[in-house]
Amino acid sequence: MPLKLTKTPMPSQKPTERIRNFNEVTLGYNEKQALEEATRCLNCKNAPCKKGCPVEVDIPEFISHIKAKDYAAAIETIKGKNNLPAICGRVCPQENQCEKYCTLGIKGEPVGIGRLERFAADWDLASGTSHTPKLPTPSGFKVAVVGSGPCGLTAAADLARMGHKVTIFEALHLPGGVLMYGIPEFRLPKDMVQKEIDYVRQLGVEFKLNFVIGETATVDELFDRGFDAVFISSGAGLPHFMGIPGENLLNVYSANEFLTRTNLMKAYLFPQYDTPIKVGERVAVIGGGNVAMDSARTALRLGAKEAIIVYRRSREELPARKEEAEHAEEEGVKFQFLTSPIEYTG
């Protein structure tokens with residue numbers, strides 16, 4: 001059978017349907033589609049894809065297990081290096097990491113590594129017997145992790161797997177950080193994030209919520225409480241403003257506030273949650289990254305008639321993932337390139 005040079009298409013909601021809901025846009029591979037995509041892997045001996053993976057997952061090995069329909073071995077291989085596979089399979093920028101180095105990408109489309117990782121992770125979560133590695137003998141060391149976003153969760157899980165006693169201190173009332181308050185439900189469902197957090201709990205990690213380091217307790221006080229080390233992963237949650245006139249006018253939001261109101265305060269579940277968030281009829285989103293796409297697509301779902309991405313560079317220079325920009329365009333988001341605002345007028 002000739003080698004297939006294009007990826008197995010990812011099933012997804014139709015744009016006309018998804019623009020009216022916050023359900024996940026991409027639906028994930030079924031078994032047949034995952035097997036079809038897995039057979040595209042050349043199983044290169046030097047595994048160039050591995051050098052593009054920040055945590056060095058053995059990609060050819062886990063794909064080989066999928067080919068053999070041994071999904072338990074596939075997820076075991078992935079979790080040997082990656083503690084959050086269901087999340088990474090959805091929002092990791094694979095096209096600029098592992099897939100960028102895929103040999104198949106020289107002549108066609110690279111293997112859909114992220115899609116296969118998601119398949120294995122979703123199979124694991126659906127099986128009801130989530131793979132948890134055997135933990136070593138306790139080391140006797142206690143580590144405090146500040147912040148429960150992707151960095152904090154990953155560090156905590158890795159430390160727990162080394163035998164250390166780990167406690168995560170989170171300022172908000174829910175763990176997950178940007179996974180919960182930043183990325184929209186239609187791209188990363190909250191229940192999926194919660195399942196990954198539950199896995200970190202299974203490793204013995206303790207969570208202290210509504211605990212603001214620097215206010216509830218200082219780093220020095222954590223050491224006084226018997227912690228041997230403190231890992232600070234407080235994130236990059238503060239917005240960057242442009243410093244132009246009119247930024248304090250009513251209805252000029254930072255993306256951070258807009259997405260937090262929508263996600264953490266559940267504006268997307270109106271009227272069950274009546275969270276104040278004014279969208280208006282026409283929305284301009286300044287910027288061209290994933291957060292900009294998330295904001296524009298969220299605005300349309302919340303009732304805006306028009307959402308426009310205003311970006312200072314060209315289409316070719318958009319920092320957003322190609323898939324996210326394509327999804328936004330399919331949903332009716334408009335793009336205005338080579339444009340940068342100099343003032344907001346009331």
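Structure: see above.
Residues numbered from 1 in each chain as written. Predicted model: local features only at pLDDT ≥ 70, side-chain atom pairs only at ≥ 80, totals over all residues. Heavy atoms only, no water.

(A) Summary view of the overall build of the chain. Across its full length, the chain carries 13 helices and seven strands. Scaling as 2.2 N^0.38, a compact globule of 346 residues should have a C-alpha radius of gyration of about 20 Å, and the chain matches this with 21 Å. C-alpha atoms of the chain, sized along the principal axes, occupy 65 × 60 × 35 Å. Out of the 346 residues belonging to the chain, those deemed buried represent 48%. By sequence separation, contacts in the chain at least 24 residues apart represent 71% of the contacts at least 6 residues apart. (Helix = DSSP H or I, 4+ residues; strand = E, 2+ residues; numbered from the N terminus. Rg over C-alpha atoms; globule rule 2.2 N^0.38 Å. Buried < 20%, exposed > 50% of the residue type's maximum accessible area, 1.4 Å probe, protein only. Contact = heavy atoms within 4.5 Å.)

(B) Region of interest: the nonpolar core. Ranked by internal contacts, the top residues of the largest apolar core, which has 29 residues, are Ile-59, Phe-62, Ile-63, Ile-66, Val-111, Ile-113 and Leu-116. Secondary structure elements with two or more residues in this core: α2 (31–38), α3 (59–67), α4 (71–79) and α6 (113–127). By residue number, the principal contributor to this core is α6, which donates six residues. Aside from chain neighbours lying at most four places away, what touches Ile-66 is Ala-34, Leu-35, Ala-38, Tyr-71, Ala-74, Leu-116, Phe-119 and Ala-120. Within the second largest apolar cluster, 24 residues are counted, among which are Leu-84, Val-143, Ala-160 and Ile-197. (Core = buried A, V, L, I, M, F, W, Y, C linked by side-chain atoms within 4.5 Å.)

(C) Inspection of the side chain of Glu-196 at higher detail. Secondary-structure assignment places Glu-196 in helix α9 (residues 190–202). There is no salt bridge for the buried Glu-196, and the closest opposite charge comes from Lys-79, which lies 5.3 Å off by N-O distance. Beyond its immediate chain neighbours, meaning those up to four positions away, Glu-196 contacts Asn-83, Leu-84, Pro-85, Ala-86 and Ile-87. (Lys, Arg positive; Asp, Glu negative; His and termini not counted. Salt bridge = Lys/Arg side-chain N within 4 Å of Asp/Glu carboxyl O.)

(D) How the structure looks around the sheet that holds strand β4 (residues 229–232). Pairing is parallel across the open sheet formed by four strands, whose spatial order is β3-β2-β1-β4. Each end of this open sheet is capped by a strand with a single partner; those strands are β3 (206–208) and β4. Across the sheet, the mean angle from the axis of one strand to that of its neighbour is 20°, orientation sign disregarded. Two strands pair when backbone bridges link them, and strand β1 (residues 142–146) and β4 are joined in this way by four bridges, in the parallel orientation. Of the residues in β4, the one forming a bridge with Val-145 is Phe-231. In the packing of helix α7 (residues 150–161) onto the sheet, the strands contacted are β1, β2 (165–169), β3 and β4, and the crossing angle to β2 comes to about 165°. (Pairing = 2+ DSSP bridges. Axes fitted to C-alpha atoms, helices over the stretch in contact; angles between N-to-C directions.)

(E) The packing of aromatic side chains, seen in detail. Taken as a whole and judged by the stated rule, the model has eight aromatic pairs. Ring centres 5.4 Å apart and planes at 45° place the aromatic pair Phe-22 and Tyr-268 in the tilted group. Note that Phe-22 is positioned in the loop between α1 (15–18) and α2 and Tyr-268 in the loop between α11 (255–263) and β5 (282–286), a separation of 246 residues in sequence. The exposure class of Tyr-268 is buried, given its relative accessible area of 15%. (Phe/Tyr/Trp six-rings, centres within 6.5 Å; stacked < 30°, edge-to-face > 60°.)

(F) Highlighting the pairing of β1. When you tally the buried positions in β1, you get four out of five residues, the bulk of the element. The pairing of β1 with β2 spans five bridges and is classified as parallel. Counted as the bridge partner of Val-145 is Ile-168 from β2. In this fold, β1 hands off to α7, which returns the chain to β2; that crossover is right-handed. (Right-handed = clockwise from strand over helix to strand, strands pointing away.)

(G) Up close: the environment of Leu-174. On the secondary structure map, Leu-174 appears in the loop between β2 and α8 (178–181). Here Leu-174 falls in the partly exposed class, since its relative accessible area comes to 28%. A C-alpha to C-alpha distance of 36 Å links Leu-174 and Leu-35, two positions 139 residues apart in sequence. Ignoring sequence-local partners within four residues, the contact set of Leu-174 consists of Ser-148, Leu-209 and Leu-264.

(H) Quick peek at the state of the cysteines. On inspection of all chains with the given rule, the structure shows zero disulfides. Looking at Cys-41, it has no disulfide partner, and the nearest cysteine sulfur is the one in Cys-49, 6.5 Å off. The class for Cys-41 is buried, based on a relative accessible area of 13%. Left unpaired, Cys-44 is separated from the closest cysteine sulfur, that of Cys-41, by 6.6 Å. (Disulfide = S-S within 2.5 Å.)

(I) Molecular detail of the pairing of β5. Residues Val-283 and Val-285 point to one face of β5 and are all buried, whereas Arg-282, Ala-284 and Ile-286, pointing to the other face, are not buried. Sheet analysis places β5 next to strand β6 (residues 306–310), joined by five bridges and oriented parallel. By the bridge assignment for β6, Arg-282 is matched with Glu-306. At this point the chain moves from β5, through helix α12 (residues 290–301), to the parallel β6, and the crossover so formed is right-handed.

(J) Structural view of the environment of Val-178. Among the secondary structure elements, Val-178 is positioned in helix α8. Residues Val-178 and Asn-256 lie 78 residues apart in sequence; the distance between their C-alpha atoms is 9.4 Å. Ignoring any residue separated from it by four or fewer positions in sequence, one finds Val-178 in contact with Pro-150 and Ile-183.

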